[in-house]
Amino acid sequence: MKNSTEVTFFILAAYGDLGERKYFYFSFVLLLNLTIIFANLTLILLIFVDRSLHEPMYVFLCNLFFNELYGNASLFPVLLLHILSDTHEISRAFCLLQVFCLYTYGSTELCNFAVMAYDRYLAICHPLHYSIRMTSCKVCSLVVFIWVFSFINFTVILSLQIRLPLCGNIIDKLCCGNYSLVRLSCIDTMLNNIYGLFATVLVLAVPLIPILYSYANIVRICLKSPKEARTKALNTCVPQVISLLNFAVSCFYEIVQNRFDMTYIPKDVRNGFTMYFLTCPQLLNPIMYGLRMTKIRKSLKNRFFPNRALQLPLNKGS
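It should be emphasised that the depicted structure is a prediction, and the values quoted were computed from it without experimental measurement. Starting afresh in each chain, residues are numbered from 1 along the sequence in its written order. Selection of residues for local features in this predicted model requires a pLDDT of at least 70, selection of side-chain atom pairs for listing and counting requires 80 or more, and totals for whole chains, interfaces and linings are taken over all residues. Side-chain metrics rest on all non-hydrogen atoms present in the structure, leaving aside hydrogens and water.

1. So, the sheet that holds strand S3 (residues 170–171)
For two strands to be treated as a pair, DSSP must find at least two bridges joining them. Each helix is a run of DSSP H or I of at least 4 residues and each strand a run of E of at least 2, with the numbering of both proceeding from the N terminus. Sheet architecture is open: 3 strands sit in the order S2-S1-S3, paired in mixed fashion. Only two strands of the sheet have a single partner each, and these edge strands are strand S2 (89–91) and S3. Two strands pair when backbone bridges link them, and strand S1 (residues 9–12) and S3 are joined in this way by 2 bridges, in the parallel orientation. Following the sheet pairing, Ile11 is matched in S3 by Ile170. Across the sheet, helix H3 (residues 92–125) touches S1, S2 and S3, and the angle it forms with S2 is around 85°. For this analysis, residues touch if any pair of their heavy atoms sits within 4.5 Å. Axis angles are defined between N-to-C directions and span 0 to 180 degrees, where every axis is a line fitted to C-alpha atoms and, for a helix, only to the segment in contact.

Shown next as structure tokens:
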């Protein structure tokens, strides 16, 4: 076993020496951060105040947007701080907190997609029983389950991580990651690897089973439906599928980056991909649903352009 010391902080080596470029990067990331917060917060408040959007599908969307803000808070404050900093140090406590928040954010995101897919399955495949099977109590239970499942699962991972003595403090990433910390361990990490594999399968299997089941049945029903009904049904699912695929690619990239040697790829390219895959879902989802969902789009127009909304019927009738 290597000689171990009590590691109290880590150095995020992926930042390197940014020089004068750090002010440009800081401005760009700050603008991106504010845009993400504004877009998600706007849709959360819209769903909250507009009674026509008080339906299960929009409650799940509201939970999705709230999770985007949670993920944003887990990443951007530390990111902005280290862009301007010259040392790029982060305490072990804050590093573990960031790991926990980022991993629970990812798990909650995937579980929320599963619940949304299940909601669309009931609405399209069982429309007559939808109101009976998707009650307010069930909606609340599903939202609570999403968060409790994610938090319990990664609490176990974090407890296994805390016990490890570390022989280094260099992390070649823009943010802390669980596997990056495990690789710094001075002792055998078989238990962490076994539970990590089990947790990964659990986090993927629990949401993917209802997602695949729901969309398989939706496609089956759509193939038997008239063209108009098929188009309407598919339009409600397109934003979910695009968001899900984008998030799946993001997760796949992070897994590959953690498990395989990526040093042959230039650091700026790796950092660019990391930023894209960590922030794209947070920006894509509110834009996607804000533009694609008819009721949200109409509600936004009514809130921000009320005079224009009132004039449209008059112009149409004249």
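2. A look at a nonpolar patch on the surface
A cluster of nonpolar side chains, contributed by Leu30, Leu34, Ile37, Leu41 and Leu45, occupies part of the molecular surface with about 390 Å² of accessible area. Here Leu30 is to be found in helix H1 (residues 21–49). A patch consists of residues exposed above 30% relative accessible area that lack any salt bridge, with like charges linked at up to 9 Å and nonpolar side chains (Val, Leu, Ile, Met, Phe, Trp, Tyr) linked at up to 5 Å. Shrake-Rupley sampling with a 1.4 Å probe provides the accessible areas, and residues are treated as covered by the protein chains on show and by no other component. The term salt bridge refers to a side-chain nitrogen of Lys or Arg lying within 4 Å of a carboxyl oxygen of Asp or Glu.

3. Let's talk about the environment of Gly16
Along the polypeptide, Gly16 turns up in the loop between S1 and H1. With relative accessibility at 26%, the residue Gly16 sits in the partly exposed group. Gly16 sits 252 residues away from Asp268 along the chain, and the two C-alpha atoms are 9.9 Å apart. Beyond its immediate stretch of four places on either side in the chain, Gly16 contacts His88 and Lys267. Per-residue accessibility, obtained with a 1.4 Å probe over protein chains only, is compared with the maximum for each type, and a residue is labelled buried under 20%, exposed over 50%, and partly exposed between these values.

4. A closer look at the packing of aromatic side chains
For any two aromatic rings, the description comes down to two numbers: the centre-to-centre distance and the angle of the planes. Paired rings are identified among Phe, Tyr and Trp, the last through its six-membered ring, by centres lying within 6.5 Å, and are further divided according to the angle between planes into stacked (under 30 degrees), edge-to-face (over 60) and tilted (the rest). Counted according to the given criterion, the structure contains 12 aromatic pairs. Three or more aromatic residues link up through ring pairs in this structure, and these residues are Phe66, Tyr70, Phe100, Trp147 and Phe151.

5. A few points about the state of the cysteines
Each disulfide consists of one covalent bond between the sulfur atoms belonging to two cysteines. Pairs of cysteine sulfur atoms within 2.5 Å are what we label disulfides. Across all of its chains, the model carries 2 disulfides by this definition. Between the sulfur atoms of Cys95 and its disulfide mate Cys176 the distance is 2.0 Å. Torsion about the S-S bond of the Cys95 and Cys176 cystine: about -125°, corresponding to left-handed handedness. With Cys95 in helix H3 and Cys176 in the loop between S3 and helix H6 (178–182), this residue pair connects regions lying 81 residues apart in the sequence.

6. Points about a positive patch on the surface
The positive count covers Lys and Arg only, the negative count covers Asp and Glu only, and His and the chain ends enter neither. Where a charge lies is defined by one atom per residue type: Lys uses NZ, Arg uses CZ, Asp uses CG and Glu uses CD. Among the surface-exposed residues, Arg292, Arg297, Lys298 and Lys301 lie close enough to one another that they form a single positively charged patch. It is helix H10 (residues 294–304) that provides the largest number of residues to the positive patch, a total of 3 residues. The topology assignment puts Arg292 in helix H9 (residues 267–292). The partly exposed category is assigned to Arg292, whose relative accessible area is 37%.

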